[in-house]
Amino acid sequence: MSSAQQIAARLSELFRSDSLSAVESSEKAKNFIKNVLAGYSNEDTDGQQQVLANIIDACLVEHIAQTTSSVVLGELVNFMSITSGRDFRLSQDVCHKSLNYLLGNVPQRGLAFEEIINEARVKLCDMLTAEKEYEQAAEVLYATRFENSRRTDLEQYRFTVYLHVMELFLRADNWERAEQVHIHASALYRQVNDVEARCRYSILMAQLNELKGNYIEAAARYHGVSQSFSNRPSQQRSSLQSAISCAILASAGPQKMRVMANLQREKLASALPGYEMLTKMVLKRLVTHEELDVFNKNVRDGRREDSLRTVVCEHNVFVLSSLYSNIRFENLGHRLGVDSDDAEQICAQMIAEGRMKGRIDQIEGVVTFEGARDVQEVSAGILKRQTRPQPPMHFRETIAVNWDERIVNLCTSVEGAVDLLIEKQPRYTQMLFQRSE
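These remarks concern the structure in this document. As the structure is a prediction and not an experimental result, all values here were calculated from the model.

About the thresholds
Residues numbered from 1 in each chain as written. Predicted model: local features only at pLDDT ≥ 70, side-chain atom pairs only at ≥ 80, totals over all residues. Heavy atoms only, no water. Pairing = 2+ DSSP bridges. Helix = DSSP H or I, 4+ residues; strand = E, 2+ residues; numbered from the N terminus. Axes fitted to C-alpha atoms, helices over the stretch in contact; angles between N-to-C directions. Parallel < 35°, antiparallel > 145°, perpendicular 65-115°, else oblique. Left-handed = near helix turned anticlockwise from the far one by under 90°. Contact = heavy atoms within 4.5 Å. Nonpolar A, V, L, I, M, F, W, Y, C, P; charged D, E, K, R; others polar. Phe/Tyr/Trp six-rings, centres within 6.5 Å; stacked < 30°, edge-to-face > 60°. Lys NZ or Arg CZ within 6 Å of the ring centre and 35° of its normal. Patch = residues over 30% accessible without salt bridge, like charges linked within 9 Å, V, L, I, M, F, W, Y side chains within 5 Å. Areas by Shrake-Rupley, 256 points an atom, 1.4 Å probe, with all protein chains shown as cover. Salt bridge = Lys/Arg side-chain N within 4 Å of Asp/Glu carboxyl O. Core = buried A, V, L, I, M, F, W, Y, C linked by side-chain atoms within 4.5 Å. Buried < 20%, exposed > 50% of the residue type's maximum accessible area, 1.4 Å probe, protein only.

Moving on to the sheet that holds strand S1 (residues 326–328). Spatial strand order, S1-S3-S2: 3 strands in an open sheet with antiparallel pairing. Single-partner strands in this sheet number two, and they are S1 and strand S2 (358–361). Between one strand axis and the next, the sheet turns by 15° as a mean value, whatever way the strands run. Bridging between S1 and strand S3 (residues 366–369) involves 3 bridges; their strand directions are antiparallel. Along S3, the bridge assignment pairs Asn-326 with Thr-368.

Interhelical geometry of helix H3 (residues 45–59) versus helix H6 (residues 92–105) gives an angle of 25° and a closest axis separation of 10 Å. When the axis of H3 is compared with that of H6, the two are roughly parallel. Once H3 is placed against H6, the crossing between them reads as right-handed. When H3 is examined against H6, the residues Thr-45, Gln-48, Gln-49, Leu-52, Ala-53, Ile-56 and Asp-57 are found in contact with a partner set consisting of Val-94, Lys-97, Ser-98, Tyr-101 and Leu-102. Grouping the constituent residues of the contact of H3 with H6 by class yields 6 nonpolar, 4 polar and 2 charged.

Tallied over the entire structure, the rule returns 6 aromatic pairs. Taking the centre distance of 4.8 Å and the plane angle of 35° together, the rings of Tyr-189 and Tyr-201 count as tilted. Of this pair, Tyr-189 sits in the loop between helix H10 (175–188) and helix H11 (195–212) while Tyr-201 is found in helix H11, placing the two residues 12 residues apart along the sequence. Joined through ring pairs, the aromatic side chains of Tyr-142, Phe-146, Tyr-157 and Tyr-162 make up one cluster. Seen from the ring of Tyr-189, Arg-198 lies directly overhead, with NZ or CZ sitting 4.3 Å from the centre.

All right, on to a nonpolar patch on the surface then. On the surface, a cluster of nonpolar side chains totalling about 330 Å² of accessible area is made up of Leu-410, Val-414, Val-418 and Ile-422. Mapping Val-418 onto the fold places it in helix H21 (residues 395–424).

The next thing to look at is the nonpolar core. One recurring pattern in soluble globular proteins: nonpolar side chains tend to sit buried together. The biggest cluster of nonpolar side chains holds 64 residues, and the ones touching the most others in it are Leu-11, Leu-52, Leu-73, Leu-102 and Phe-159. Here this core gets 11 residues from one element, more than from any other, and that element is helix H9 (residues 154–171). When residues no more than four places from it in sequence are discounted, the contact partners of Leu-102 are Ile-56, Leu-73, Val-77 and Ala-120.

Applying the stated criterion to the full structure yields 7 salt bridges. Across the pair Arg-232 and Glu-196 runs a salt bridge whose closest N-O atoms are separated by 2.3 Å. Here Arg-232 is found in the loop between helix H12 (215–228) and helix H13 (233–249), whereas its partner Glu-196 is found in helix H11, with 36 residues between them in sequence. We classify Arg-232 as partly exposed; its relative accessible area is 33%.

Below you can see the structure in the form of structure tokens.
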């Protein structure tokens, strides 16, 4: 008779009575596992692992009732945790391997063992997380099944599990898998009323967009989360700091300016480290290398330092385009802190992407910045009131167009007022004209 069969016989003898309550069955299972493990020393990890595997195999023997197997396996899973493991002299390695054995051998489908398997996945996920194996932990937890669950709060539980899986994938820098899990979580979002869970979802979505490099959306998400933390100043400041960092890292454009302007108006933002750089970018001032180094210390993320330097260089090019009509790449590179070839590359990319208007003369090594549209083009555009969508323009051009529009509107209003005065008070206007002569 094998060891598993011997343990199965002992279990059959132990749970022979049908009149046992749930508490009594649980207590008997605990004592049984303790007695079996008592024969192995703390150093005999191989023996502990083997006897736990034998207990699992014994629970799957045909003549063992499912109720007995469920009770014993449930108590066995409770032993296999980082905290409980120490109490019962089970090392983390033994727990880790035994849980893997349980998940590999216990039937994955079926109402009898589903809750036990799900609990085992949670335990194994916690262990892998403690070992910083975030991607493996996420995959283990993501395999959780909910088809036969008897939980009354099933939707809330599923939503929480998916959020935990998303968080682990994000910690592993695997945004593709995190985005796949997000599809399941987003389908449950409207069915969950828990404010904390909804807030956690928004934070994870901000982190997902940040990891993808979609800094505009990430900044907007972080800003929205900060407003939810009005009663938690520390968390509000942390969310605002993340929003500022993402807004600064975003590519230039009207959306970035709107997000940055909204963040600049936040009262708490003025006390945060990145506020000075944020303000400089909103006001279109040059950012110095010293300010960039200070901000880098606050970011503390080597992966984003290169992106930040590129963004600051592009911002400074925008500022210089407002001050100069043309500039040599040698001088531009000196102002940006890069060589002339890099300066030319930055300008070429910005012009090619439509984020700046200009011309590059490679022979002379000069970039010429184009100003706002001429007055006739602007006036014609205003008078026609075209409704079709216009292509995105440089921020300086947008200001110039708005300014010209105000001037045209003012002149039109003055002309209308004069015509009305002539119509209503002809004698008075004639007297005014005679005095002016």
